[in-house]
Amino acid sequence: MTGPRFSVVIPTYNRAERVTEAVRSVRAQTFPAHEIIVVDDGSTDGTPGTLETLVRETGPPVVTLRQANRGAGAARNLGIGAATGDWVALLDSDDTWLPGKLEDARRMIGREPGLDFIHSRCIQDFGQACGTEPEPEPPLTVEQRRDPAALLTGWHIKTSSVILRRDLLERIGGLFPTDLRTCEDFELFWRAAIAADRIGFAPEPGTVIANIPTSLSRDDTRVLPRLMDNVEALGRVIRWLDGRAEAARLRPILEARRYWAARVLLTRAARDRRFVEAVRWLRRHGLAPAGIARAALSAGRGVLNGENPSGL
(Lines give C-alpha, C1' and ligand atoms only; values in the text may rest on other atoms or scores of the structure.)
Protein backbone atom coordinates (compact mmCIF):
# COMPACT_ATOMS: atom_id res chain seq x y z
CA MET A 1 0.00 0.00 0.00
CA THR A 2 1.42 3.37 -1.01
CA GLY A 3 1.09 6.55 1.02
CA PRO A 4 2.74 8.12 4.04
CA ARG A 5 4.85 5.83 6.21
CA PHE A 6 3.73 6.30 9.81
CA SER A 7 6.20 5.21 12.48
CA VAL A 8 4.19 4.87 15.69
CA VAL A 9 6.19 5.55 18.87
CA ILE A 10 4.76 4.25 22.16
CA PRO A 11 6.61 4.86 25.45
CA THR A 12 5.56 2.64 28.33
CA TYR A 13 6.35 2.15 32.00
CA ASN A 14 4.71 -0.57 34.10
CA ARG A 15 1.68 -0.74 31.81
CA ALA A 16 1.77 -4.40 30.78
CA GLU A 17 -1.99 -4.65 30.26
CA ARG A 18 -2.52 -1.20 28.81
CA VAL A 19 0.33 -1.38 26.29
CA THR A 20 -1.27 -4.47 24.74
CA GLU A 21 -4.46 -2.51 24.06
CA ALA A 22 -2.46 0.41 22.65
CA VAL A 23 -0.45 -1.76 20.24
CA ARG A 24 -3.49 -3.74 19.10
CA SER A 25 -5.39 -0.50 18.43
CA VAL A 26 -2.58 0.45 16.03
CA ARG A 27 -2.68 -2.96 14.38
CA ALA A 28 -6.44 -2.57 13.90
CA GLN A 29 -6.01 0.57 11.77
CA THR A 30 -7.72 0.58 8.39
CA PHE A 31 -4.55 2.16 6.97
CA PRO A 32 -1.57 0.21 8.34
CA ALA A 33 1.30 1.74 10.23
CA HIS A 34 4.77 1.42 8.72
CA GLU A 35 6.09 0.19 12.08
CA ILE A 36 5.31 0.26 15.78
CA ILE A 37 8.16 1.15 18.12
CA VAL A 38 7.53 0.46 21.81
CA VAL A 39 10.08 1.85 24.26
CA ASP A 40 10.07 0.23 27.69
CA ASP A 41 11.18 2.93 30.12
CA GLY A 42 12.65 0.52 32.68
CA SER A 43 9.44 -1.29 33.64
CA THR A 44 9.54 -3.57 36.69
CA ASP A 45 6.27 -5.42 36.01
CA GLY A 46 5.49 -7.92 33.28
CA THR A 47 5.95 -5.46 30.43
CA PRO A 48 9.01 -7.19 28.83
CA GLY A 49 7.14 -10.50 28.52
CA THR A 50 4.06 -8.73 27.18
CA LEU A 51 6.14 -7.03 24.51
CA GLU A 52 7.66 -10.36 23.45
CA THR A 53 4.14 -11.66 22.87
CA LEU A 54 3.17 -8.59 20.84
CA VAL A 55 6.25 -8.93 18.63
CA ARG A 56 5.11 -12.42 17.61
CA GLU A 57 1.58 -11.36 16.69
CA THR A 58 0.67 -10.69 13.07
CA GLY A 59 0.33 -7.16 11.75
CA PRO A 60 2.66 -4.20 11.30
CA PRO A 61 6.05 -5.03 12.83
CA VAL A 62 6.64 -4.20 16.47
CA VAL A 63 10.14 -3.06 17.40
CA THR A 64 10.89 -3.04 21.14
CA LEU A 65 13.56 -0.96 22.82
CA ARG A 66 14.43 -0.70 26.50
CA GLN A 67 16.14 1.95 28.60
CA ALA A 68 16.67 2.69 32.27
CA ASN A 69 13.80 4.71 33.69
CA ARG A 70 14.29 8.26 32.39
CA GLY A 71 10.75 9.41 31.70
CA ALA A 72 8.39 9.54 28.74
CA GLY A 73 10.29 12.29 26.94
CA ALA A 74 13.53 10.30 26.83
CA ALA A 75 11.62 7.17 25.79
CA ARG A 76 9.92 8.99 22.92
CA ASN A 77 13.26 10.44 21.81
CA LEU A 78 14.77 6.95 21.68
CA GLY A 79 11.86 5.69 19.62
CA ILE A 80 11.97 8.64 17.24
CA GLY A 81 15.69 8.04 16.72
CA ALA A 82 14.96 4.45 15.67
CA ALA A 83 11.99 5.33 13.41
CA THR A 84 12.35 4.78 9.67
CA GLY A 85 9.09 6.36 8.47
CA ASP A 86 8.60 9.84 7.07
CA TRP A 87 5.98 10.63 9.74
CA VAL A 88 6.14 10.05 13.52
CA ALA A 89 2.83 9.27 15.20
CA LEU A 90 2.74 9.43 19.00
CA LEU A 91 0.64 7.19 21.23
CA ASP A 92 0.93 6.88 24.99
CA SER A 93 0.54 3.34 26.30
CA ASP A 94 -2.39 4.47 28.47
CA ASP A 95 -4.39 5.40 25.38
CA THR A 96 -5.78 3.78 22.24
CA TRP A 97 -6.67 4.79 18.70
CA LEU A 98 -9.95 4.32 16.92
CA PRO A 99 -9.60 2.30 13.69
CA GLY A 100 -9.74 5.25 11.27
CA LYS A 101 -7.05 7.38 12.93
CA LEU A 102 -4.25 6.80 10.38
CA GLU A 103 -6.65 6.63 7.43
CA ASP A 104 -7.96 10.11 8.31
CA ALA A 105 -4.37 11.38 8.47
CA ARG A 106 -3.51 9.73 5.15
CA ARG A 107 -6.46 11.41 3.43
CA MET A 108 -5.60 14.77 4.93
CA ILE A 109 -2.00 14.51 3.71
CA GLY A 110 -3.25 13.60 0.24
CA ARG A 111 -5.48 16.67 0.14
CA GLU A 112 -2.93 19.07 1.65
CA PRO A 113 0.64 18.08 0.72
CA GLY A 114 2.14 20.99 2.71
CA LEU A 115 1.00 19.60 6.08
CA ASP A 116 3.70 18.78 8.59
CA PHE A 117 1.75 18.79 11.89
CA ILE A 118 -1.49 16.82 12.33
CA HIS A 119 -3.67 16.31 15.38
CA SER A 120 -7.20 15.09 15.88
CA ARG A 121 -10.17 15.19 18.17
CA CYS A 122 -10.00 12.93 21.23
CA ILE A 123 -12.55 11.13 23.35
CA GLN A 124 -11.71 11.40 27.05
CA ASP A 125 -13.14 8.90 29.48
CA PHE A 126 -12.40 11.13 32.44
CA GLY A 127 -12.60 14.79 33.40
CA GLN A 128 -9.35 16.22 34.70
CA ALA A 129 -9.71 17.98 38.02
CA CYS A 130 -8.40 21.50 37.62
CA GLY A 131 -8.99 22.84 41.10
CA THR A 132 -10.12 26.44 40.91
CA GLU A 133 -8.16 27.40 37.83
CA PRO A 134 -9.93 29.28 35.01
CA GLU A 135 -13.16 28.00 33.55
CA PRO A 136 -12.77 25.00 31.22
CA GLU A 137 -11.25 25.96 27.90
CA PRO A 138 -13.88 26.90 25.32
CA PRO A 139 -14.02 24.50 22.39
CA LEU A 140 -12.03 25.62 19.37
CA THR A 141 -13.32 25.52 15.82
CA VAL A 142 -11.57 23.36 13.24
CA GLU A 143 -9.91 26.46 11.80
CA GLN A 144 -8.70 27.56 15.24
CA ARG A 145 -7.17 24.12 15.77
CA ARG A 146 -5.08 24.78 12.67
CA ASP A 147 -3.89 28.17 13.97
CA PRO A 148 -0.82 28.20 16.26
CA ALA A 149 -2.04 31.37 18.01
CA ALA A 150 -5.21 29.57 19.12
CA LEU A 151 -3.39 26.35 20.03
CA LEU A 152 -1.01 28.23 22.32
CA THR A 153 -3.83 29.58 24.46
CA GLY A 154 -4.53 26.30 26.26
CA TRP A 155 -4.04 22.53 26.49
CA HIS A 156 -5.53 21.92 23.08
CA ILE A 157 -3.01 19.40 21.73
CA LYS A 158 -3.26 15.86 23.10
CA THR A 159 -0.10 13.76 22.84
CA SER A 160 -1.71 10.59 21.54
CA SER A 161 -3.42 12.49 18.71
CA VAL A 162 -0.24 14.05 17.26
CA ILE A 163 1.46 13.04 14.00
CA LEU A 164 4.54 15.00 12.90
CA ARG A 165 6.46 14.99 9.67
CA ARG A 166 10.03 13.94 10.40
CA ASP A 167 11.61 17.02 8.82
CA LEU A 168 9.57 19.25 11.14
CA LEU A 169 11.14 17.49 14.12
CA GLU A 170 14.54 18.15 12.56
CA ARG A 171 13.78 21.88 12.20
CA ILE A 172 12.62 22.77 15.69
CA GLY A 173 15.93 22.50 17.51
CA GLY A 174 15.64 19.42 19.70
CA LEU A 175 13.16 16.70 20.62
CA PHE A 176 11.39 16.23 23.96
CA PRO A 177 13.23 17.77 26.94
CA THR A 178 14.39 14.96 29.18
CA ASP A 179 14.77 16.95 32.41
CA LEU A 180 11.01 17.66 32.66
CA ARG A 181 8.86 14.81 33.96
CA THR A 182 5.64 16.50 32.85
CA CYS A 183 4.78 19.16 30.25
CA GLU A 184 7.68 17.90 28.12
CA ASP A 185 5.15 17.03 25.42
CA PHE A 186 3.61 20.49 25.34
CA GLU A 187 7.04 22.13 25.24
CA LEU A 188 7.75 20.29 21.99
CA PHE A 189 4.24 20.66 20.57
CA TRP A 190 4.26 24.44 21.10
CA ARG A 191 7.58 24.72 19.24
CA ALA A 192 6.33 22.41 16.49
CA ALA A 193 3.05 24.30 16.07
CA ILE A 194 4.94 27.59 15.77
CA ALA A 195 7.45 26.21 13.26
CA ALA A 196 5.00 24.14 11.20
CA ASP A 197 4.40 25.15 7.61
CA ARG A 198 0.81 23.97 7.91
CA ILE A 199 -1.23 22.39 10.71
CA GLY A 200 -3.98 19.89 10.02
CA PHE A 201 -6.80 18.86 12.33
CA ALA A 202 -9.11 15.88 11.91
CA PRO A 203 -12.50 16.69 13.49
CA GLU A 204 -13.44 13.01 13.60
CA PRO A 205 -12.48 11.39 16.93
CA GLY A 206 -9.31 9.37 16.52
CA THR A 207 -7.99 8.79 20.04
CA VAL A 208 -9.37 7.54 23.35
CA ILE A 209 -7.64 9.08 26.38
CA ALA A 210 -7.80 6.64 29.28
CA ASN A 211 -8.45 7.23 32.95
CA ILE A 212 -5.32 5.99 34.74
CA PRO A 213 -5.26 7.17 38.39
CA THR A 214 -1.51 6.50 38.74
CA SER A 215 -0.43 8.63 35.79
CA LEU A 216 1.92 11.53 36.55
CA SER A 217 -0.69 14.06 35.44
CA ARG A 218 -3.07 12.85 38.18
CA ASP A 219 -0.63 12.22 41.04
CA ASP A 220 -1.64 14.64 43.79
CA THR A 221 1.75 14.33 45.49
CA ARG A 222 3.37 15.89 42.42
CA VAL A 223 1.16 18.95 42.00
CA LEU A 224 3.92 21.48 42.69
CA PRO A 225 6.50 19.76 40.44
CA ARG A 226 3.90 19.67 37.64
CA LEU A 227 3.14 23.36 38.06
CA MET A 228 6.86 24.14 38.06
CA ASP A 229 7.33 22.09 34.89
CA ASN A 230 4.55 24.13 33.28
CA VAL A 231 6.26 27.44 34.10
CA GLU A 232 9.62 26.13 32.90
CA ALA A 233 8.20 24.68 29.66
CA LEU A 234 6.57 27.99 28.78
CA GLY A 235 9.77 29.86 29.60
CA ARG A 236 11.81 27.62 27.31
CA VAL A 237 9.49 28.18 24.38
CA ILE A 238 9.58 31.94 25.00
CA ARG A 239 13.38 31.85 24.91
CA TRP A 240 13.27 29.64 21.80
CA LEU A 241 11.27 32.39 20.07
CA ASP A 242 14.20 34.82 20.39
CA GLY A 243 15.40 35.70 16.91
CA ARG A 244 12.28 34.35 15.21
CA ALA A 245 10.74 37.57 13.96
CA GLU A 246 7.99 35.74 12.09
CA ALA A 247 6.67 34.37 15.39
CA ALA A 248 6.90 37.58 17.44
CA ARG A 249 3.09 37.90 17.49
CA LEU A 250 2.91 34.70 19.55
CA ARG A 251 5.21 35.82 22.34
CA PRO A 252 2.54 37.81 24.29
CA ILE A 253 0.31 34.71 24.34
CA LEU A 254 3.03 32.61 25.92
CA GLU A 255 4.05 35.33 28.36
CA ALA A 256 0.45 35.71 29.54
CA ARG A 257 0.23 31.96 30.04
CA ARG A 258 3.50 31.88 31.97
CA TYR A 259 2.23 34.65 34.27
CA TRP A 260 -0.93 32.66 35.00
CA ALA A 261 1.13 29.51 35.52
CA ALA A 262 3.29 31.36 38.07
CA ARG A 263 0.18 32.65 39.81
CA VAL A 264 -1.29 29.13 40.06
CA LEU A 265 2.03 27.78 41.32
CA LEU A 266 2.19 30.40 44.08
CA THR A 267 -1.43 29.76 45.07
CA ARG A 268 -0.78 26.06 45.54
CA ALA A 269 2.60 26.69 47.21
CA ALA A 270 0.91 28.94 49.77
CA ARG A 271 -1.54 26.12 50.54
CA ASP A 272 1.37 23.71 50.93
CA ARG A 273 3.39 26.14 53.12
CA ARG A 274 6.08 26.38 50.44
CA PHE A 275 5.41 29.92 49.25
CA VAL A 276 8.91 31.34 49.85
CA GLU A 277 10.48 28.30 48.19
CA ALA A 278 8.27 28.83 45.13
CA VAL A 279 9.10 32.54 44.91
CA ARG A 280 12.82 31.74 44.98
CA TRP A 281 12.31 29.06 42.34
CA LEU A 282 10.54 31.53 40.04
CA ARG A 283 13.40 34.03 40.41
CA ARG A 284 15.97 31.35 39.56
CA HIS A 285 13.98 30.46 36.46
CA GLY A 286 14.00 33.91 34.95
CA LEU A 287 10.75 35.57 35.97
CA ALA A 288 11.12 39.29 36.57
CA PRO A 289 10.64 40.47 40.18
CA ALA A 290 7.76 42.74 39.16
CA GLY A 291 5.95 39.84 37.52
CA ILE A 292 6.50 37.62 40.55
CA ALA A 293 5.19 40.34 42.86
CA ARG A 294 2.07 40.75 40.75
CA ALA A 295 1.49 37.00 40.65
CA ALA A 296 2.06 36.77 44.41
CA LEU A 297 -0.56 39.42 45.14
CA SER A 298 -3.06 37.68 42.90
CA ALA A 299 -2.22 34.32 44.47
CA GLY A 300 -2.84 35.79 47.91
CA ARG A 301 -6.31 36.83 46.86
CA GLY A 302 -6.84 33.34 45.47
CA VAL A 303 -5.93 31.73 48.79
CA LEU A 304 -8.33 34.05 50.63
CA ASN A 305 -11.02 32.99 48.14
CA GLY A 306 -10.41 29.33 48.91
CA GLU A 307 -8.55 28.35 45.75
CA ASN A 308 -6.49 25.17 45.88
CA PRO A 309 -5.22 24.29 42.38
CA SER A 310 -4.62 20.58 41.92
CA GLY A 311 -3.79 20.24 38.25
CA LEU A 312 -2.95 21.92 34.96
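Analysis parameters
- Residues numbered from 1 in each chain as written.
- Predicted model: local features only at pLDDT ≥ 70, side-chain atom pairs only at ≥ 80, totals over all residues.
- Heavy atoms only, no water.
- Helix = DSSP H or I, 4+ residues; strand = E, 2+ residues; numbered from the N terminus.
- Rg over C-alpha atoms; globule rule 2.2 N^0.38 Å.
- Buried < 20%, exposed > 50% of the residue type's maximum accessible area, 1.4 Å probe, protein only.
- Contact = heavy atoms within 4.5 Å.
- Areas by Shrake-Rupley, 256 points an atom, 1.4 Å probe, with all protein chains shown as cover.
- Arc of directions from axis to C-beta.
- Core = buried A, V, L, I, M, F, W, Y, C linked by side-chain atoms within 4.5 Å.
- Pairing = 2+ DSSP bridges.
- Axes fitted to C-alpha atoms, helices over the stretch in contact; angles between N-to-C directions.
- Parallel < 35°, antiparallel > 145°, perpendicular 65-115°, else oblique.
- Left-handed = near helix turned anticlockwise from the far one by under 90°.
- Right-handed = clockwise from strand over helix to strand, strands pointing away.
- pLDDT = per-residue confidence, 0-100.

Moving on, we get to the overall build of the protein chain. When helices and strands are counted, the protein chain shows eleven helices and eight strands. For 312 residues, the compact-globule formula gives about 20 Å, and the C-alpha radius of gyration of the protein chain, at 20 Å, lands near that figure. Over its C-alpha atoms, taken along the principal directions, the protein chain stretches across nearly 60 × 45 × 30 Å. Across the 312 residues of the protein chain, 54% fall into the buried class. Put simply, of all contacts in the protein chain between residues at least 6 apart along the chain, 82% involve residues at least 24 apart. A total accessible area of about 13800 Å² is found for the protein chain, and carbon and sulfur atoms account for 52% of it.

Along helix 2 (residues 47–56), the residues classified as buried are Thr47, Thr50, Leu51 and Leu54. The arc enclosing the buried residues of helix 2, seen along the axis, measures out at 100°, which places them on a common side. In helix 2, those exposed residues whose orientation departs by more than 90 degrees from the buried face are Glu52 and Arg56. Looking at the buried residues of helix 2, the elements they touch are strand 1 (6–12), helix 1 (16–27), strand 2 (35–40) and strand 3 (62–66).

This part takes up the nonpolar core. Core analysis: the biggest nonpolar cluster contains 60 residues, and Phe117, Ile194, Leu265 and Leu282 have the highest contact counts within it. When residues of this core are traced back to their parent elements, those giving at least two are strand 4 (87–90), helix 5 (148–151), helix 6 (166–171), helix 7 (184–195), helix 8 (223–240), helix 9 (251–271), helix 10 (275–284) and helix 11 (289–304). Broken down by element, the residue count for this core peaks at ten residues, all from helix 8. Ignoring sequence-local partners within four residues, the contact set of Leu265 consists of Leu224, Leu227, Met228, Val231, Ala278, Trp281 and Leu282.

Let us look at the environment of Ala299. Among the secondary structure elements, Ala299 is positioned in helix 11. Leaving out residues up to four positions away in the same chain, Ala299 has contacts with Arg263, Leu266 and Thr267.

Now for the pairing of strand 6 (residues 117–124). Of the pairings in the sheet, the one linking strand 6 to strand 7 (residues 163–165) comprises two bridges and is antiparallel in character. Its bridge partner lying in strand 7, Phe117 is registered against Leu164. Strand direction decides the pairing type here: strand 6 and strand 8 (residues 199–209), joined by eight bridges, are parallel. If you follow Phe117 over to strand 8, its bridge partner there is Ile199.

Next up on the list: the packing of helix 1 against helix 2. In a packed pair of helices, the relevant descriptors are the angle between the two axes and the axis-to-axis distance. Between helix 1 and helix 2, the least distance of the axes is 9 Å, while the angle of their chain directions is 20°. As far as their axial angle goes, helix 2 and helix 1 are roughly parallel. Handedness of the helix 1/helix 2 crossing: right-handed. Contacts between helix 1 and helix 2 involve Ala16, Val19, Thr20, Val23, Arg24 and Arg27 from the former and Thr47, Thr50, Leu51, Leu54 and Val55 from the latter.

Our focus in this paragraph is the pairing of strand 3. As defined by bridge partners, strand 2 adjoins strand 3 across five bridges and the pair is classed as parallel. In the strand pairing of strand 3, Asp40 is matched with Arg66. Read from strand 2 through helix 2 to strand 3, the crossover connection turns out right-handed.

Right, let's talk about the environment of Gly73 for a bit. Mapping Gly73 onto the fold places it in helix 3 (residues 72–82). In this structure Gly73 comes out as buried when scored by relative accessible area, which is 3%. In the structure, Gly73 is positioned 30 residues away from Glu103 in sequence and 26 Å away in space, judged by C-alpha atoms. Gly73 has contacts with Phe176, Pro177, Thr178 and Glu184, leaving out every residue within four places of it along the chain.

Before going further, it helps to spend a moment on the confidence of the model for the protein chain. Taken residue by residue, the protein chain gives an average pLDDT of 91. The fraction at 70 or more is 91%. Note on residues 127–136: pLDDT under 50 across the span, and 17 contacts to partners over four residues away in sequence or across chains.

Let us look at the sheet that holds strand 4. The mixed open sheet is built from eight strands, whose spatial order is 3-2-1-4-7-6-8-5. Because the sheet does not close on itself, it has two edges, and the strands there are strand 3 and strand 5 (96–97). Two strands pair when backbone bridges link them, and strand 1 and strand 2 are joined in this way by six bridges, in the parallel orientation. What sits directly across from Pro11, in strand 2, is Val39. Taken strand by strand, helix 2 contacts strand 1, strand 2 and strand 3, and its axis lies near 160° from that of strand 3. Set on the sheet, helix 4 (residues 101–111) makes contact with strand 1, strand 4, strand 5, strand 6, strand 7 and strand 8; between it and strand 8 the angle comes to about 180°.

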